[in-house]
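# Breakdown of the fold
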There are 2 protein chains.
Amino acid sequence: LSTPGSAQGPLVSDLGERGLIERIRARVPPPPGSLLVGIGDDAAVVEPARGALQVLTTDAFVEGVHFDRSFSSAADIGFKALAVNASDVAAMGGSPSLALLSLMLPERTPVADVDGILDGLLEMAALGGIALAGGNITRSPGPLIVDVALLGAVRRRRVLTRQGGRPGDGIYVSGTLGAGAAGLDWLRAHGRQPADVPDDAELAACVQRYRRPEPRVRLGGLLGRTRAASACMDLSDGLADAVRQVAAASRTGARIDAAQLPVAAGARRWFEARGADPVRAALSGGDDYELLFSVPARGRGRLRTVVGQARGVTITRIGELTADRGLVVTLDGVAEDLPSGFSHF
Amino acid sequence: LSTPGSAQGPLVSDLGERGLIERIRARVPPPPGSLLVGIGDDAAVVEPARGALQVLTTDAFVEGVHFDRSFSSAADIGFKALAVNASDVAAMGGSPSLALLSLMLPERTPVADVDGILDGLLEMAALGGIALAGGNITRSPGPLIVDVALLGAVRRRRVLTRQGGRPGDGIYVSGTLGAGAAGLDWLRAHGRQPADVPDDAELAACVQRYRRPEPRVRLGGLLGRTRAASACMDLSDGLADAVRQVAAASRTGARIDAAQLPVAAGARRWFEARGADPVRAALSGGDDYELLFSVPARGRGRLRTVVGQARGVTITRIGELTADRGLVVTLDGVAEDLPSGFSHF
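Residues numbered from 1 in each chain as written. Chains lettered and ligands numbered in written order. Predicted model: local features only at pLDDT ≥ 70, side-chain atom pairs only at ≥ 80, totals over all residues. Heavy atoms only, no water.

### Here we look at the overall build of chain A
Put simply, the test is: Only DSSP runs of H or I reaching four residues or more are called helices, and only runs of E reaching two or more are called strands; each is numbered from the N terminus. Each radius of gyration is computed over the set of C-alpha atoms, and the globule rule expresses the reference value as 2.2 Å times the number of residues to the power 0.38. The contact criterion used throughout is that any non-hydrogen atoms of two residues lie within 4.5 Å. Areas reported here follow the Shrake-Rupley algorithm with a probe of radius 1.4 Å; residue values treat only the protein chains shown as occluding. We count Lys and Arg on the positive side and Asp and Glu on the negative side, and we leave His and both chain ends out. By convention, the charge on Lys lies at NZ, on Arg at CZ, on Asp at CG and on Glu at CD.
Across its full length, chain A carries ten helices and 13 strands. For chain A, the C-alpha radius of gyration of 20 Å lies close to 20 Å, the compact-globule estimate for 345 residues. With the principal axes as the frame, chain A shows a C-alpha extent of 55 × 55 × 50 Å. Long-range contacts, defined as pairs at least 24 residues apart, comprise 83% of the intrachain contacts of chain A with a sequence gap of at least 6. Surface summary for chain A: the accessible area is close to 13,000 Å², and the carbon and sulfur share equals 48%. When the 38 basic and 38 acidic side-chain charges of chain A are each reduced to a single mean position, those positions are 9 Å apart.

What follows is the structure, encoded as structure tokens:
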């Protein structure tokens, strides 16, 4: 490894997250036949034994990048670290089953914080039917990190990737948008303690979404089982990013109708009061952990079945995939380029 | 999470790594039937689908804790991050198959370092027959971290845990001891660049062992398949620690004969020249990634089969498990307590 600051060509911040993933994908040798979906989707799909398809994913939760000690309790951190992984498995149409927990702890971490992280993680595990199978604990000379690897089951021909979309497919999103971003924005403005919540109930729901997103595990399984969706992805890095990724993988463009975006009520009021555009916030904000998916015309009937079984999770059509490779959003009748998503670098 | 330095009861450094793992194990709800080996062994063993047993493990490699930029190249880091996980799968009698790579990168990391990490990881992957299935990349506000999760296959009744040992079983170790510790000690004294190597070939082999340990994947598989071993563990945290863990899990004691320890030639000379006791270094030093295993009397014939197929990996009997729960090492005819192993806190 080079010493920090030495001149050695481009930095990771020059390439960005997607650039790095592409670079890695290009260098990995051809995968074995047992690897059905490899690098670049929400999760990998493998067939370790004949007929037993498994979804594999990992996502790290880093202090100072993904969470702040004054915004979230230890239990919130543990809950969310597993939730974001479950969201990736759900986005593949899978059912999460077994988790590995890799903890990196600063030396002065109170044991009570480890207890809290575990409490939250086990709460999410119980909601998702997930068993904690093992893991690793080590010291961190820097931030506290909760890195989770998650295994799930999925049936062949029920796997949802990002690349199955076709021009003309409707683009749908679950739940509401902008809540995670509004919750984080409120915490940055007013949050001093993990227990702080706004008085306004709808805004409090946004803060709760930021602290403890509920991955759409049931919906993902339904979309896979019914084969209603042609492509699917979760919104970890925002709606605009997800639309961009699905369109790129499916080799289509996309047109989003901003008027249809299901902006969370609390988020709409919060951003308007701050003089910000709620629609732009809903397009670019992260942390919603909803599902974005495409549905072909022949899948509309199946989608009605899904909606009927989704137990109150709303499903909204927000646009369609297009043969033209452009990515546009129509705002007040004017088409503009879709904004870029969040990058970790 | 508490703010650093606030008084909130015991710290993780008070409990230590094993204490934390025990605390977590005690709080996790009863596992489902599909989880055959859970928290507390080298790896978990699961049966995601009927008859398809899988080994799951994760191990993080943290800058400033597990590696130093001036001692190891980026490729060394990538190689070792996967090797230590493969060692855990081998210690369960499994064959590694699929890896997930979770990279946490400081903002100013050169892309060349990511390339190097991947080079080394893929080199180890090719040696171990492992495919890189996916992963995650995020920014780190602190150290560079390579966290790997590894999946492997194992056959039912071929799983090697730490708990199958019985009093009277011989204790065996593969390869040589103390090489990793000697290599690290030399690097601390003389290493300034990742390419630095000592002139002495045997000491250079120790430095190489520290930088790129070769996990005993073939041997672990042989020990499982032949059912020669009653218990098995890898030496990531040193021989004394492994003996302690196997004896505790098997509810036995252990007696180790220090004269039988296969101390690496380079390590013996290095520690003697430094005025240190090579045997104590071999007992307590980490980073060897050999296998420690117990063999019952009826397994001796099978062990000869294993030795015949182990392609030059030496196997040495170093002591035996005892009914008396004490842990002793006989040094120059005098029995003393086995030293404690390395703890990450």
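### A few points about the pairing of strand β9 (residues 253-257) of chain A
All names here are of chain A. Formally: Should DSSP find at least two bridges between two strands, the strands are regarded as paired.
Where β9 lies against strand β11 (residues 315-322), four bridges are found, and the strand directions are antiparallel. Across the sheet, residue G253 finds its bridge partner in β11, namely T322. Of the strand pairs in this sheet, β9 and strand β12 (residues 327-331) are connected by four bridges, and their pairing is parallel. Its bridge partner lying in β12, A254 is registered against L327.

### Description of the relation of the copies chain B and chain A
Applicable threshold: Least-squares fitting of one copy onto the other uses the C-alpha atoms of those residues that reach a pLDDT of at least 70 in both copies.
Its rotation angle being 180°, the transformation that places chain B on chain A also includes 0.0 Å of axial translation and leaves an RMSD of 0.0 Å. Taken together, the turn and the small shift mark the pair as related by a two-fold rotation axis. No C-alpha of chain B approaches the rotation axis more nearly than that of G142 of chain B, which lies at 2.4 Å.

### Overview of the packing of aromatic side chains
Which entries qualify depends on this criterion: Ring pairs shown here join Phe, Tyr and Trp side chains whose ring centres sit within 6.5 Å, with only the six-membered ring taken for Trp; geometry is labelled stacked below 30 degrees between planes, edge-to-face above 60, and tilted in between. Criterion for a charge above a ring: Arg CZ or Lys NZ at most 6 Å from the ring centre, at most 35 degrees from the ring normal.
Tallied over the entire structure, the rule returns four aromatic pairs over all chains. Between the NZ or CZ atom of K80 of chain A and the centre of the ring of Y210 of chain A, over which it lies, the distance is 3.8 Å.

### Quick notes on the sheet that holds strand β7 (residues 170-174) of chain B
Residue and element names in this part refer to chain B. Here is the rule: Only the contacting stretch of a helix is used when fitting its axis, a line to C-alpha atoms as for every element, and angles between N-to-C directions run 0 to 180 degrees.
As summarised here, the arrangement of the seven strands in space is β8-β10-β7-β11-β9-β12-β13, forming an open sheet in which the pairing is mixed. In the strand order of this sheet, the two ends are held by β8 (231-234) and β13 (334-337), each with one partner. When the angles between neighbouring strand axes are averaged without regard to direction, this sheet yields 25°. The pairing of β7 with strand β11 (residues 315-322) spans five bridges and is classified as antiparallel. Bridge pairing in β11 links G170 to E320. Strand contacts of helix α2 (residues 74-91): β8 and β10 (291-295), with the helix running at about 175° to β8, the strand carrying the most contacts.

### Comments concerning the interface of chain B and chain A
Operational definition: Each of two parts loses accessible area, computed with a 1.4 Å probe, when they are put together; buried area is these two losses added. We define a salt bridge as a contact between a side-chain nitrogen of Lys or Arg and a carboxyl oxygen of Asp or Glu at a distance within 4 Å. Polar contact criterion, stated in full: a pair of N or O atoms within 3.5 Å, where within protein one must be able to donate a hydrogen and the other to accept it, and residues adjacent in sequence count only if both atoms are side-chain atoms.
Contacts between the two partners involve 85 residues from chain B and, on the opposite side, 85 residues from chain A. Across the interface of chain B and chain A, roughly 7,000 Å² is buried in total on both sides, 70% from carbon and sulfur atoms. Summed over the shared surface of chain B and chain A, the result is four salt bridges. Between R23 of chain B and D115 of chain A there is a salt bridge whose closest N-O contact spans 2.6 Å. Our enumeration of links across chain B and chain A arrives at 19 residue pairs in polar contact (both at pLDDT 80 or more).

### Digging into empty space enclosed by the protein
As a reminder, the rule being used: Here a cavity denotes a set of grid points, spaced 1 Å apart and computed over the protein atoms alone, in which a 1.4 Å probe fits but from which it cannot get out, and a pocket denotes an open set meeting protein on both sides within 12 Å along at least five of seven lines; residues with an atom within 4 Å of a point are reported as lining. Grid points are joined across faces, edges and corners, and a volume is the space filled by probe spheres set on the points. Ten residues, namely Ala, Val, Leu, Ile, Met, Phe, Trp, Tyr, Cys and Pro, are considered nonpolar, four, namely Asp, Glu, Lys and Arg, are considered charged, and the remaining ones, Gly among them, are considered polar.
Counted by the stated rule, this structure contains five cavities of 30 Å³ or more. Estimated volume of the largest cavity: approximately 90 Å³. As for the largest cavity, its lining consists of 13 residues, and the residues nearest its centre are L56 and L100 of chain A together with L56, L100 and A149 of chain B. Of all the elements in the fold, those that place two or more residues in the lining of the largest cavity are β4 (95-105) and β6 (145-153) of chain A together with β3 (52-62), β4 (95-105) and β6 (145-153) of chain B. When its residues are assigned to classes, the lining of the largest cavity shows twelve nonpolar, one polar and no charged.

### Focus: unusual backbone geometry
All names here are of chain B. Put simply, the rule reads: The buried label applies to any residue whose accessible area, calculated with a 1.4 Å probe on protein chains only, is under 20% of its type's maximum; exposed applies above 50%, and partly exposed to all values in between.
In the Ramachandran plot, D287 falls in the positive-phi region, its phi being about 70° despite a non-glycine side chain. Position of D287 relative to the elements: it lies in the loop between α9 (278-284) and β10. Owing to a relative accessible area of 17%, D287 belongs among the buried residues under this scheme. One non-glycine residue, R311, lies in positive phi territory at about 50°. One can find R311 in the loop between α10 (300-309) and β11.

### With respect to helix α5 (residues 201-211) of chain B
Residues and elements named next belong to chain B. Buried residues of α5: L203, A204, C206, V207, R209, Y210 and R211, and no others. Buried residues in α5 make contact with α2, α4 (179-190) and α8 (265-273). With a side-chain oxygen positioned 2.7 Å from the backbone nitrogen of E202, the residue opening α5 is D200.

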